[in-house]
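Observations on chain architecture
What follows is the residue order along each chain.
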Amino acid sequence: MADILHRVGIKAPAADVYAALTTVEGLAGWWTADTRGEGDVLRFRFGTDGFDMKVLDARPGERVLWEVVGGPEEWIGTHVGWDLDRAGDYTVILFKHAGWKEPVEFMHHCSTKWAVFLMSLKSLVETGKGAPAPDDVKIDNWN
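Note that this is a predicted model, so its numbers are computed, not measured. Each chain carries its own residue numbering, running from 1 in the direction its sequence is written. Side-chain atom pairs in this predicted model are given and counted only at pLDDT of 80 or more, local residue features only at pLDDT of at least 70, and totals for whole chains, interfaces and linings cover all residues. Working from all heavy atoms in the structure, the side-chain values ignore hydrogens and water.

Let us look at the layout of surface pockets. Of the volumes computed, that of the largest pocket is approximately 500 Å³. Whether a set of points on the 1 Å grid over the protein atoms alone is a cavity depends on a 1.4 Å probe fitting there but being unable to get out, while an open set qualifies as a pocket with protein on both sides within 12 Å along at least five of seven lines; lining residues are those with an atom within 4 Å of a point. The wall of the largest pocket is formed by 23 residues, among which Phe-46, Phe-51, His-109, Trp-142 and Asn-143 lie closest to the centre. Numbered from the N terminus, helices here are DSSP runs of H or I no shorter than four residues, and strands are runs of E no shorter than two. Secondary-structure elements contributing two or more residues to the lining of the largest pocket are strand E3 (41-46), strand E4 (49-59) and helix H3 (105-127). Among the elements that take part in the lining of the largest pocket, H3 stands out by supplying 6 residues, more than any other. Side-chain classes are defined by residue name, with Ala, Val, Leu, Ile, Met, Phe, Trp, Tyr, Cys and Pro counting as nonpolar, Asp, Glu, Lys and Arg as charged, and the others, Gly among them, as polar. The residue inventory of the lining of the largest pocket, partitioned by class, reads 12 nonpolar, 5 polar and 6 charged. Grid points are joined across faces, edges and corners, and a volume is the space filled by probe spheres set on the points.

In structure tokens, the structure reads:
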């Protein structure tokens, strides 16, 4: 198994970061504008493609964890999580997209895109304006 890992510090209270990770409005502000919530499943669309995430854990100011239940084959059954901690003026996110069966080329693409979107999350929480899809940074011919 292979994992995508990132660490990002956001100069804001943990409650603000948590809200951006757990509300439809927050998620639409940094990941994709086409975000919907239906019960414990979040639906994210990027044009005609997308991901469905089942919320497994949501502890205010501490942790958010999803299981991928819909989307590309490589993502199904993987877990996307954010662990939050305070360090001075920062809320530090330890991000993990865990459980990839193997580090295929698509995983390399997704790792870079997660970094792009984590910077969008940082911008949203710190300044009030993120860069969600379709206004995200395009990194290659896959988006």
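There is more to say after this.
Turning next to the packing of helix H1 (residues 14-22) against H3. Axis definition: a line fitted to C-alpha atoms, limited for helices to the stretch in contact. Angles are taken between N-to-C directions and run from 0 to 180 degrees. Following both chains from N to C, one finds H1 and H3 inclined at 125 degrees, their axes separated by 10 Å at the closest point. When the interaxial angle is binned, H1 and H3 end up oblique. Crossing of H1 over H3 shows right-handed handedness. Facing Asp-16, Val-17, Ala-20 and Leu-21 of H1, the residues of H3 in contact are Leu-121, Leu-124 and Val-125. Looking at the contact of H1 with H3 residue by residue, the classes come out as 6 nonpolar, no polar and 1 charged. Should an angle lie under 35 degrees it is considered roughly parallel, over 145 roughly antiparallel, and from 65 to 115 roughly perpendicular; all remaining angles are considered oblique. Crossings are assigned a handedness: left-handed for a near helix turned anticlockwise from the far helix by less than a right angle, right-handed for a clockwise turn. Residue contacts follow a heavy-atom distance rule, with two residues in contact if any of their heavy atoms lie within 4.5 Å.

For this analysis, a salt bridge means a side-chain nitrogen from Lys or Arg found within 4 Å of a carboxyl oxygen belonging to Asp or Glu. Under the defined criterion, the tally for this structure stands at 11 salt bridges. Across the pair Asp-57 and Arg-63 runs a salt bridge, and its minimum N-O distance is 3.5 Å. A simple rule labels every residue: compare its accessible area, found with a 1.4 Å probe on the protein chains alone, to the largest value its type can have, and call it buried under 20%, exposed over 50%, or partly exposed in between. Taking the relative accessible area as the measure of exposure, Arg-63 reaches 23% and is therefore partly exposed. Its salt-bridge partner being Glu-62, residue Arg-59 comes within 3.8 Å of it at the nearest N-O pair. Its relative accessible area of 45% is what places Glu-62 among the partly exposed residues. A single network of salt bridges, built from pairs that share partners, joins Asp-57, Arg-59, Glu-62, Arg-63 and Asp-83.

With that settled, the discussion passes to the environment of His-109. You can call His-109 buried: its relative accessible area is 10%. As for His-109 and Asn-143, which are separated by 34 residues in sequence, their C-alpha atoms are 9.8 Å apart. Pairs of N or O atoms within 3.5 Å make up the polar contacts considered here, provided that, within protein, one atom can donate a hydrogen while the other can accept it, and that residues adjacent in sequence are counted only when both atoms are side-chain atoms. For His-109, the side chain forms a polar contact with the side chain of Asp-140, separated by 2.7 Å.

This next bit is on the side chain of Thr-78. Among the secondary structure elements, Thr-78 is positioned in the loop between strand E5 (63-70) and strand E6 (79-87). We classify Thr-78 as buried; its relative accessible area is 0%. Side-chain polar atoms of Thr-78 contact the side chain of His-97, separated by 2.8 Å. With residues near it in sequence (within four places) discarded, Thr-78 still touches Trp-66, Glu-67, Val-68, His-97, Ala-98, Gly-99 and Trp-100.

Function cannot be read off these values alone, since they describe shape.
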